[in-house]
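Fold and contact review
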There are 2 protein chains.
Amino acid sequence: MKSKGHKELPKPTGRPLSFDPHKALDRALDVFWRKGYDGSSLSDLTKAMRINRPSLYATFGDKEKLFRKVLDHYAEGPASHSTAALQEPTSRAVVKRLLHGTADMLTSGGNPRGCLWVQGALACRNSADSVRKELISRRLGGEAALRQRLKRAIVEGDLPPDANPASLARYIAIIIQGMSVQAASGATRSQLRGIIDIALESWPSRRNT
Amino acid sequence: MKSKGHKELPKPTGRPLSFDPHKALDRALDVFWRKGYDGSSLSDLTKAMRINRPSLYATFGDKEKLFRKVLDHYAEGPASHSTAALQEPTSRAVVKRLLHGTADMLTSGGNPRGCLWVQGALACRNSADSVRKELISRRLGGEAALRQRLKRAIVEGDLPPDANPASLARYIAIIIQGMSVQAASGATRSQLRGIIDIALESWPSRRNT
DNA sequence: GTAATTTCTTACCGTGCGGTACAGAATGGC
DNA sequence: GCCATTCTGTACCGCACGGTAAGAAATTAC
């Protein structure tokens with residue numbers, strides 16, 4: 001590998017791209033989100049992205065690499081609330097924002113129903129096994145980040161010292177993933193909010209934040 | 001349709017079946033459970049069922065009809081705890097048995113990880129749209145049964161009169177479906193039990209059952 | 001035995017899949 | 001102009017899919 005310069009735009013010779021890769025990724029996200037990994041065929045993708053098949057291959061690699069890039073795009077876009085929520089001051093505020101942000105995203109009119117991380121992971125055929133593992137690892141990663149945040153909350157006195165960060169984080173993860181399934185079944189935003197209220201009743205906290 | 005006798009075994013002429021349809025259904029359940037609807041090919045199925053393809057077609061109809069029969073088989077077998085749990089005397093006992101029964105099933109060594117109703121419903125391609133709807137309807141049916149049971153609990157004074165049966169049933173459904181996703185991600189039985197303990201802390205009840 | 005009936009075996013059909021070869025079109029360098 | 005370089009469009013490849021036609025094999029009825 002050569003050392004790359006600061007932002008070297010190395011005189012792009014040759015025929016220029018006729019599409020915006022960022023927009024194309026957006027449209028690919030929409031397809032994968034709606035249909036899952038296996039359910040999205042290359043024809044679906046190229047049609048939505050308004051790109052020919054060899055262009056897709058040249059720009060993004062094969063289908064699986066495109067999917068991974070879409071996952072990054074998803075984490076930075078529609079799912080960005082899940083990382084942003086960790087910065088709330090108290091654990092209760094973190095969890096509250098996490099759950100409400102998820103419920104809003106799951107039932108936003110412009111988005112497909114459900115969560116890409118959950119939709120894509122299940123019911124994939126064997127050939128997509130690495131994709132399944134990737135999604136599992138991303139879900140576990142989010143859960144681990146929350147667990148770390150809850151540990152900090154204990155140190156800060158925000159959660160009681162005998163609280164179990166691992167179980168609590170897993171509990172929240174289950175709520176999120178369950179809401180995703182419910183949203184795919186047609187649950188409305190207010191219904192999800194009703195569930196969040198119940199789920200938060202058992203949240204341990206020293207303050208009534 | 002002619003009126004059928006009590007157990008008429010109407011002298012089966014012709015070549016007899018060389019397999020047990022019940023066992024074959026068992027093996028088909030295993031395949032669908034592990035791989036989902038779309039992920040299970042006819043070759044996977046016939047290989048596991050030890051049946052030739054035309055035999056499958058003659059006995060069970062096409063792939064979708066076989067899947068529906070497998071769903072019934074699943075409801076009567078591995079998932080039978082979910083209907084049995086409704087007969088517990090108190091709402092708390094119902095929910096407790098429901099959740100623990102699910103956790104046990106999800107992490108039973110002999111079973112595939114996860115829940116057939118959840119695994120199969122998501123990430124299916126368009127062609128299997130009717131299958132997706134069938135699974136959604138079965139999940140909503142289970143939720144409705146629990147809701148009715150909780151309404152009865154209010155009448156019986158087992159739940160406070162201001163409890164919301166619809167939200168509570170949905171809350172439990174979310175826990176179940178979330179556990180299914182977690183089990184597919186590798187969660188262990190004791191981890192799931194830890195979550196159940198947290199989830200039940202917010203359960204309203206007049207007795208400490 | 002022979003006919004009738006039902007199941008089993010093999011081999012195949014059309015379709016859509018993910019991925020690619022190849023030639024033509026659009027740019028920069030000179 | 002004219003080359004090198006890069007992208008686009010079409011048409012194709014091998015493969016696995018769900019589903020089926022046709023005849024051989026196994027049983028009962030008589």
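Above this text is the structure in question.
This section reports on the structure supplied with the text. The structure displayed is predicted, hence computed values, not measured ones.

Time to look at helix α9 (residues 165-184) of chain B. All names here are of chain B. Here α9 is 20 residues long and its end C-alpha atoms lie 29 Å apart, about the 28 Å a rise of 1.5 Å per residue gives. At the N-terminal boundary of α9, the capping side chain belongs to N164, with an oxygen 3.1 Å from the backbone nitrogen of A166. Immediately downstream of α9, the backbone of G186 shows phi near 105°, a positive value.

DNA strand C sits among 23 residues. The nearest are A:L42, A:Y57, A:K63, B:S18 and B:N52. Across the atoms of DNA strand C situated within 4 Å of the protein, the share located in sugar and phosphate is 64%. With respect to DNA strand C, the side chain of A:S41 contributes an N or O atom lying 3.3 Å from a phosphate oxygen. Interatomic distance of 3.0 Å between a side-chain N/O atom of B:S55 and a phosphate oxygen of DNA strand C. Elements that contribute at least two residues to the surface near DNA strand C include exactly α2 (42-49) and α3 (53-60) of chain A together with α3 (53-60) of chain B. For the surface near DNA strand C, the element with the most residues is α3(A), which contributes three residues. Looking at the surface near DNA strand C residue by residue, the class counts come to eight nonpolar, 10 polar and five charged.

Looking now at the packing of aromatic side chains. Under the definition given, this model contains 10 aromatic pairs over all chains. Summarising the aromatic geometry, the rings of A:F32 and A:Y37 are spaced 6.0 Å apart at their centres and angled 10° between planes, so their arrangement reads as stacked. The exposure class of A:Y37 is buried, given its relative accessible area of 7%. Relative to B:W117, the ring of B:Y74 has its centre 5.8 Å away and its plane inclined at 70°; by these criteria the two rings are edge-to-face. Of this pair, B:Y74 sits in helix α4 (residues 63-76) while B:W117 sits in helix α7 (residues 116-121); the two residues are 43 residues apart in sequence, bridging distant segments of the chain. Judged by its relative accessible area of 1%, B:Y74 falls in the buried class. Linked through ring pairs, A:F32, A:Y37 and A:F67 together constitute an aromatic cluster.

A word on the relation of the copies chain B and chain A. The transformation that overlays chain B on chain A combines an axial shift of 0.0 Å with a rotation of 180°, and the residual RMSD is 0.1 Å. In short, the pair behaves as if placed about a two-fold rotation axis. Across chain B, the rotation axis passes nearest the C-alpha of B:G178, at a separation of 2.0 Å. When the interface residues of chain B are mapped onto chain A, 100% of them are again interface residues, pointing to one common binding face.

As a further point, take the packing of α3(A) against helix α4 (residues 63-76) of chain A. Residues and elements named next belong to chain A. Close contact between α3 and α4 brings their axes to 9 Å; oriented N to C, the two are set at 65°. Where α3 crosses over α4, the two elements pack in a sense that is left-handed. Residues L56, T59 and F60 of α3 lie in contact with α4, whose contacting residues are K65, L66 and K69. When the residues that make up the contact of α3 with α4 are grouped by side-chain class, the tally is three nonpolar, one polar and two charged.

All names here are of chain A. With respect to the helices, strands and loops of the structure, T107 is situated in the loop between α6 (91-106) and α7 (116-121). Look at T107 and you get buried, because its relative accessible area is 12%. Separated by 2.8 Å, the side chain of T107 and the backbone oxygen of A103 make a polar contact. Contact partners of T107, with chain neighbours within four places excluded, come to R113, A187, T188, R189 and L192.

Thresholds applied
Residues numbered from 1 in each chain as written. Chains lettered and ligands numbered in written order. Predicted model: local features only at pLDDT ≥ 70, side-chain atom pairs only at ≥ 80, totals over all residues. Heavy atoms only, no water. Helix = DSSP H or I, 4+ residues; strand = E, 2+ residues; numbered from the N terminus. Expected span 1.5 Å × (residues − 1). Polar contact = N/O pair within 3.5 Å; in protein donor to acceptor, adjacent residues only side chain to side chain. Near = heavy atom within 4 Å. Nonpolar A, V, L, I, M, F, W, Y, C, P; charged D, E, K, R; others polar. Phe/Tyr/Trp six-rings, centres within 6.5 Å; stacked < 30°, edge-to-face > 60°. Buried < 20%, exposed > 50% of the residue type's maximum accessible area, 1.4 Å probe, protein only. Least-squares fit on C-alpha atoms with pLDDT ≥ 70 in both. Contact = heavy atoms within 4.5 Å. Axes fitted to C-alpha atoms, helices over the stretch in contact; angles between N-to-C directions. Left-handed = near helix turned anticlockwise from the far one by under 90°.

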